[in-house]
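As a plain string of letters, each chain reads:
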Amino acid sequence: MGKFDECQVSSGDVRRVRDQIMHQLSGGFANFGHSKQLKEKFNELYMLFEHTVNDKEGHSALLIGPRSTGKTTIINKALEELESKYSGQFLTIRLNATIHSDDGIALREIARQLDEEVKRINAFQVELEYQLDNTNFEQRSINDTFANILLSLDNNMHSEQDEASTTISIIFVIEEFEKFTNNNKQTLLYNLFDLSQSSSTAVCVLGVSTKVTTRELLERRVRSRFSQRIITTSKSSSLEEFWTDAKLGLLFDESLFNSLDNAEYGKLWNSYFEFLFNECAQVTNFRKLVFQNYYTVKNIKDFYNSCMFAVSQIHSSAPFPSDMVFSKYLNSQLSNCVQGIVRSLSTSELLLTIAAARWVEKYELQAINFNLAYAEYKSMMKNYNLNTTSGSTGLDSKMISNFRINHKLFSSKILRTCWESLYKLGLLLDSGGITTNNEGHIITNANLNKNLIIEENKMVQLDITLDEISTFMDDHNAFKRLTKL
Amino acid sequence: MAKSARDLKGWEYIIAEAKVAENDSPLKGVASGRRSSRRVKAANESLVLKREMDDLEIQAGDTVLVHQKGATSPEIAFIKEIKFGNDNFIDIVVSWFIRIQDIDFEDLPKAEEYSSKNDLIQNELFITMYLEGIFVSEIVEKVNVLSLDEFKDILIDDSNTSNTFMVRRGCSSTGEEFTNVLNYRELTNLFHKDPNEFVEYVRAETVRSAYNSPKKEKVDIKEKIEKIESKKKSRRRSPIVRDSSDSSNEEDISDDSGDEYKGLGEEVENEDGEDEEEDHDVDDDEDDKESVHLSDSEEEFAGGHRNRKRKSASPKKSTAKVKRAKARLSENTSISYMNSVLSPSKKQRFKIKSANISKPSLASLSPQKKKGKGTLIVEEMDKTSEAFREIKAKLHTSQIVTSLPGREDEFASIYTSLDEAIEHGTGCCLYISGTPGIGKTATVREVIAQLQESVKNEATKPFDYLEINGLKLLSPNVAYEVLWEKISGFKVTPANAAILLEKYFSTEEDRKPLVVLMDELDQIVTQKQNVMYNFFNWPSYATSKLIVIAVANTMDLPERVLSNKISSRLGLRRMEFKGYQFGQLGEIIAHRLAMLSEQSKRRVILTKDASNFASRKVSNVTGDARRALTICRRAVEIAEQEFLANRNTENSKPEEESFHILITHISKAINETINSPISKFLESLPFAYKLVLMAILLRMKRSGLGENSLGDVIDEMRISLQMFTSKESSQIIHQLGPNASLMNMLYSSDIFDFDNNNFNIRIHSFKRIVNELAENGIITQQNVPGERYRLVHLTVSEEEIISVLKRDKEISGMM
């Protein structure tokens, strides 16, 4: 650690580095151009777009990959590059199925974006002879809008075929693509793919999805019109790869060294994380953090989030984030919802939960009601009180029996309240609310857990097992032995 | 070619009677002016085009450098004819020359002048009889083409090497057969005497093998010229006499085709004029009645244009005219008619939707032509890349094909059915079924195009045609609206349109038969099947003259959706399209490749084996032509990349070779389409995800059920991980310290302190992992609150997951 401690850094430098790195960690940085795998995908995608724009071919493809593997990043980058090279020769229409949740809305959005583009270009050419009338793609009636779009895209250049080279290409980017397949008819997809196959306008349809099985969700007719081409992105396949990708966001760009008063600080900063990860004598929290992320979610954005706090803490007397601080973020995460709930229970609530779990364990039935749980509670507590005293004999026993610490057996009225609060907390769930229809699709009862009052004999399910309770209970907790049958 | 006068921008055309009466002052018309100049057209006119920019004049018999759109380098062409066209405003017909560089050395005739590769005269050309139309905008400049003798007399240096060429032989359009030495000068003389003779002569010379007729005795060019000369003289006498009469007579004397063209041209113009007048009328009317708008006839016109591309201008105009007339049929009467049909109660709701007068078009978005830049880019590409581009274009499904191989029987059968129905004015219903991508729609369109062609020749009665695609309508009822709009020109709400249509089809009236193509019929389903029922029912009315061609995927659709009683009455004629067979797919591909230009054909070759392989693969599965073409196109793309990579590394001389697309490329393309990304995706999953999947698999094995509760999976995960300690898997994790284990890593409540033995009940971010797996389509989970009781099951095949997990060292031990 020696060389890092010795470094003298001005507060201005620290601020500059911190601002830059925080900016990178919070997403203002495309982790691109260094990762070989992404580069390949990018080239593939760019070729696809370029063929559309330059050669006026219709294309369609799916871009599939888990979240935060750079799908949108490479699209944006490709479009950016395309814009610089073929400016004005194409236009991009972006749809997102979570926003444009059905075909009608999506069509209106397409029309709106086309209108916008027309307006933009009109404003541009206002001095030129171009003066377009005030017609819009978007019409009051959705059917007219649809017809308009189809007509202009499909038919666009038939009248001027010899000028085909000047037609504009259209790139559709559809995010959350799989959601459009929920629609039975898949009208929008049918038409878009049909355009890419048969229109004289060069149309490229790029679906972006996280679902690997998206292609199988397409309807037959739609599938026939789709090119079957899939471009996939994936998470890094080894720890080394993950680390090389992940550290990029933490590094200070070398070209910015000049802006620092002490360029040495920049250099040291960049070697610091490598030091924390690999070269440090003892196992650092930082290293554990990387490992933990790699083994659980393998998500770089997640990793950045966990580093953010540590980076934000640097100041001129401690210009490098301390290793200890890296553990803060993860430790303050809620480990599990059910676990958290059980920890927060009052003693009588906890005992009731344990009793219910015992009953479930004993009889191997899934559903339980208050009456059963209370009966188990009574017998359990009786046993408990007996056991705490039975071990002692003689004088001691007399002494202690005089001061016998009996756990109070609460009345069923009191525990009813506890039972209700367990239900409200979501530890108890309505049972039998689940049915499936003929096709195996699950129909859920929308009113689940909405009841405010729970009857004594209403059957409910407990969302935790006895075993699990015992797992996370502290050893010195007096009730721990209750969790063993 | 120039589609319209507008395309001729920058060019002036001069009608010169060069040959007949050279002393007559040429009639001059400027392209941007009115077309009326076309009317004054003389019999033996010759058109001279003049480029305003540099006063370049071209006329028949000239040789020019032509830079075709999409071609890499300019080609040299001999202008055979410039005339007012049939489909286009001006047709320029050329025959191409082939440069000696474009011909394989091996193919050259075994004559001494070609004996050495290095001694070839680089400016030598071969004349072919490959006739083609070109665009005026493609003409670059005039070039000199000389005969061998003339060529020897001049000095070739840098100043003229690019525009001086020599011709001494002709060749076939493939560049494989060559004629004997001929004198180009005499050839051109022959041309000036009679262009057709010239064509015949060269053709006979170059494609001799195609002429099966016994060899005629060879005619020398000179003799031929003399023969024509004498013929001409005898013929010319009479015209000359008439030429001296006044110019109005000239129209009458125009012989053969020229007359027709002119006539048509005139007609078109008259109609144009009328149309314009009508437009004014309509505009006036609209001022009075703002609520009523005429449907946009431009749109109709455009639609028509798309569907009947091959039709020439005149019939189209006339249909448009009919429509106009119909629409003009006093709006008052049609509205009152509509009112009378619609019941009073509905009257309140009855309103005519306003139709937008002018549709927006993407044309306005199109970039301005950047000529200089555009050509620059093109020139950078070499010929092979060019060929790749072209082959891809031809294989694209949007490419317009001239025939549909493998669908001849279906074509004939549909054609006769329709022809008969149109002829007798009866209603008729044709039901076509078949899987996607096997040419159903394409065949019907082709039939319609042919019928329309024959309407032009008056072999068939005129009819109207409308195409409705079930998937291009947002709701089935819109079909009524579209149909009524076609019939009346008015847009009304679907409900009203249905009533009007019912009335319309059931009343006796003199009308043209209407052919309606209902594509993707099965998507026009409503609760009570009204729409489909009506479209099947109307043709059965004696008065309807409605012909419905229904296209759908399933064969038994009418039975499924209509009650037996109805479907039996309808008298559907059914036709089932079968998937393309292997041979047919091969033909389709071959047919498209045959449309490639000669140059590209030589550059890039899709081998027979490769196309066979692709067709076999596809015909085994679906017989989907779209699929077959997409695969081929993708294979070409793959090959192109390979080619580019090779060229960049080796820098050999690819100009000389042709690139072959082989089975390997095709199989690569096929693999891309069938390989699912699932296994690759699974491999890249983090350990925790795999653990969840592994637990689900184990659970399935133990319970024997497909669906298991997540609670069981949770327990399974924990137990497996506790029981399992493999050295290999923990090797990496031990880097974190002696106490570190996967168990610690995933369950410990504090991962930064492994000595602490407090464990969580679930692994870190368990919920998120399960949700993400569901989102990725690997599992599905029941959507209920709580964790333990929700059911999960795998949606991808068990084997696939097992094989991936087995390969993973960290987890294979648990399996």
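Here the structure is a predicted model, which means the values were calculated and not measured. (Residues numbered from 1 in each chain as written. Chains lettered and ligands numbered in written order. Predicted model: local features only at pLDDT ≥ 70, side-chain atom pairs only at ≥ 80, totals over all residues. Heavy atoms only, no water.)

(A) A look at the overall build of chain B. Looking only at helices and strands, chain B features 32 helices and 21 strands. Across the 815 residues in chain B, those meeting the buried criterion constitute 52%. When contacts within chain B are restricted to residue pairs at least 6 apart in sequence, long-range pairs at least 24 apart make up 70% of them. Accessible area for chain B stands at about 37,700 Å²; split by element, carbon and sulfur atoms hold 49% of it. (Helix = DSSP H or I, 4+ residues; strand = E, 2+ residues; numbered from the N terminus. Buried < 20%, exposed > 50% of the residue type's maximum accessible area, 1.4 Å probe, protein only. Contact = heavy atoms within 4.5 Å. Areas by Shrake-Rupley, 256 points an atom, 1.4 Å probe, with all protein chains shown as cover.)

(B) Representation of the nonpolar core. Core analysis: the largest hydrophobic core is formed by 129 residues, its most contacted members being Trp 269, Phe 286 and Phe 303 of chain A together with Ile 778 of chain B. Considering every element that reaches this core, the biggest residue donor is helix H26 (residues 687-703) of chain B, with 12 residues. Every residue in contact with Phe 286 of chain A, bar those within four places of it in the chain, is listed here: Trp 243, Leu 250, Phe 273, Leu 276, Phe 277, Phe 303, Cys 307, Asp 323 and Phe 326 of chain A. Ile 391, Ile 432, Ala 639 and Ile 661 of chain B belong to the second-largest nonpolar core, a separate cluster that totals 51 residues. (Core = buried A, V, L, I, M, F, W, Y, C linked by side-chain atoms within 4.5 Å.)

(C) Seen up close, the sheet that holds strand S3 (residues 169-175) of chain A. All names here are of chain A. If you walk across this open sheet you meet the 5 strands as S2-S3-S4-S1-S5, and the pairing is parallel. With partners counted over all chains shown, the strands left at the sheet margins are strand S2 (90-96) and strand S5 (230-232), one partner each. Strand after strand, the sheet turns through a mean of 20° between neighbouring axes, direction not considered. With 7 bridges connecting them, S2 and S3 associate as parallel partners. Paired with Thr 92 across the bridge in S3 is Ile 171. Docked against the sheet, helix H4 (residues 71-85) engages strand S1 (59-64), S2, S3 and strand S4 (203-209), running at close to 160° with respect to S2. The sheet contacts of helix H7 (residues 187-198) involve S1, S2, S3 and S4, and relative to S4 the element is tilted by about 135°. (Pairing = 2+ DSSP bridges. Axes fitted to C-alpha atoms, helices over the stretch in contact; angles between N-to-C directions.)

(D) A look at helix H30 (residues 766-775) of chain B. For H30 of chain B, the full list of buried residues reads Phe 766, Ile 769, Val 770, Glu 772, Leu 773 and Ala 774 of chain B. Buried residues in H30 of chain B make contact with helix H11 (285-296) of chain A together with H26, helix H27 (710-723) and strand S20 (779-781) of chain B. Gly 777 of chain B, located one to two residues past H30 of chain B, shows a positive phi value of around 80°.

(E) Summary view of the pairing of strand S8 (residues 124-134) of chain B. Residue and element names in this part refer to chain B. Where strand S7 (residues 90-99) meets S8, 7 bridges bridge the pair, whose relative direction is antiparallel. Bridge pairing in S8 links Ile 92 to Ile 134. As paired elements, S8 and strand S11 (residues 164-170) share 4 bridges and run parallel to each other. Directly across from Phe 126, in S11, lies its bridge partner Arg 169.

(F) Region of the structure containing the side chain of Asn 270 of chain A. Residue and element names in this part refer to chain A. By secondary structure assignment, the location of Asn 270 is in helix H10 (residues 263-279). For Asn 270, a relative accessible area of 15% corresponds to the buried category. Only 2.7 Å separates the side chain of Asn 270 from the backbone nitrogen of Phe 252, close enough to count as a polar contact. Beyond its immediate chain neighbours, meaning those up to four positions away, Asn 270 contacts Leu 251, Phe 252, Glu 254 and Phe 257. (Polar contact = N/O pair within 3.5 Å; in protein donor to acceptor, adjacent residues only side chain to side chain.)

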